[in-house]
Amino acid sequence: MTDRGLTAEAEPDLSRREHASTAAAYGVACLLHILTASLLVGGVLLVVLRLKTVVQPLIGLILVLSATVLRPRFGSLDPDLPTLPREEAPALYALLDDVADAVGARRLDVVQVSSDFSVRATTYGIRRRRRLVLGYPLWLTFAPQQRVAALAHELGHLASPDVRRGALVGSALASLTSGAEQMEHQPLRTEAAFETSPLSRYADEMAIAALRFNAHGRTASWALWIPTLLAKGAARLLTRLTRANARRAEFRADAAAARVASTPAAVSALRDRRLAGAVAMEMHRLAVAARTFGWTGSTQSVDKDFWAKVGALTPSLRYSEGSESDPLDPGPGATADSEPTGRQDEDSGLPTIGLRVARLSMGRSRPATVLLDAVRADAIEDELDEAKRLLARRVVQDCVQA
């Protein structure tokens, strides 16, 4: 079976309904950006023109603030994460370049390392440069070819037409979700605490002022409630309209992972995603133990010992998770259209891991086109050494569950 046949098998023909929903998503995103620009221009004009009354400038300020909340989010590098430039990690970037070329994606611009059990390829900045956030717990837990499969899957999203990650719909979704969260958690003081002595001659006036301030705070909260609901509703509408395209993009990314890292590696990488919770719990336990009881040795040895202990627990975690019946196993009677046991994100509408495993298992087993051998893996580990040290110290100091 050719690559074209594999793509056709993983990606059925688009129906008219799916075409219509995707087109509607682009329309909603365009309307949102036009509305944001209109609010900004109209608000600036009302403030600058300074018409005869004070009401118009106030309305203008409200419009400008609304446009600010709904502004496009282009993303940026996380200043709290260790960053690996290309010149400091040639082996890692060589692997990423090979995977990107194999899936047909543009090469990455920068890599950041996090303590999450994930691998995320995102864009940032107005120029939409490409960034990979490499979760070291996942890198440590996965076998070499599983790592290649995880990388190929994420870069496959950038190579395929995934509207949720596109410039138009993706920025609209980010604007709506970030704006709704910002309005929902707006730090409004609904209770004013004016500290004054009861014997003060201005005690009564201060009490009246506090009551009025609280009334205004409650009014502001109710005023933000309606825009928050509208933003959430628009975000859910966009999510629903892009559901079919997102499912298709997920299957395409799985097919890319199988084509680049091999089908067995792609399937095992999907199955081992279930280790995320157990690895995070062990990391948190080790961090609490280190903070409570301490480890012997220098700070550098503590940083290295942390990841060594996490890595030593991985085989037992994998064994304990797979000792019982596999919740991701679709079973002998499962088909690509059936829904095996597993969790599904009802809001995003993405396919379950069990369904993705079933689709990959039903296709022809494909060999790897990009290999991560022991020499290359050791070189990458050496390049990640400083980032690993910083992450271990942060997890131990903060005792956060990664």
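As a starting point, this report considers the structure included with it. Computed from a predicted model, the values in this text were never measured in an experiment.

**Focus on the sheet that holds strand β1 (residues 83-84)**
At step 1: The strand order across the open sheet formed by 4 strands is β1-β2-β4-β3, and the pairing between neighbours is mixed. Since the sheet does not close on itself, it has two edges, and those belong to β1 and β3 (119-124), each with one partner.
At step 2: In terms of strand pairing, β1 meets strand β2 (residues 110-114) through 2 bridges, oriented antiparallel. If you follow leucine 84 over to β2, its bridge partner there is valine 111.
At step 3: Along the sheet, helix α6 (residues 144-159) contacts β3 and β4 (129-135); its crossing angle with β3, the most-contacted strand, is approximately 30 degrees.

**Let's talk about the pairing of β3**
Put simply, side chains in a regular strand alternate between the two faces of the sheet.
At step 1: Bridging between β3 and β4 involves 6 bridges; their strand directions are antiparallel. Looking at β4, one finds that arginine 120 is bridged to valine 133.
At step 2: As consecutive antiparallel partners, β3 and β4 are separated by 4 residues, and within that stretch glycine 125 has a phi angle of approximately 80 degrees, a positive value.

**Some points on the pattern of salt bridges**
At step 1: Using the criterion set out here, one finds 13 salt bridges in the structure.
At step 2: In this structure, arginine 356 and glutamate 250 form a salt bridge, with 3.4 Å as the shortest nitrogen-oxygen distance. Placement of arginine 356 in helix α13 (residues 353-362) and of glutamate 250 in helix α9 (residues 243-261) is noted, with a sequence separation of 106 residues between them. Like arginine 356, the residue glutamate 250 is buried in the burial classification.
At step 3: Taking the shortest distance from any N to any O, the salt bridge between aspartate 254 and arginine 356 comes out at 2.8 Å. Taken together, the residues span a long stretch of sequence, with aspartate 254 in helix α9 and arginine 356 in helix α13 at a distance of 102 residues.
At step 4: A single salt-bridge network, built from bridges that share partners, covers Arg86, Asp97, Asp101 and Arg107.

What counts and what doesn't
Residues numbered from 1 in each chain as written. Predicted model: local features only at pLDDT ≥ 70, side-chain atom pairs only at ≥ 80, totals over all residues. Heavy atoms only, no water. Pairing = 2+ DSSP bridges. Helix = DSSP H or I, 4+ residues; strand = E, 2+ residues; numbered from the N terminus. Contact = heavy atoms within 4.5 Å. Axes fitted to C-alpha atoms, helices over the stretch in contact; angles between N-to-C directions. Salt bridge = Lys/Arg side-chain N within 4 Å of Asp/Glu carboxyl O. Buried < 20%, exposed > 50% of the residue type's maximum accessible area, 1.4 Å probe, protein only.

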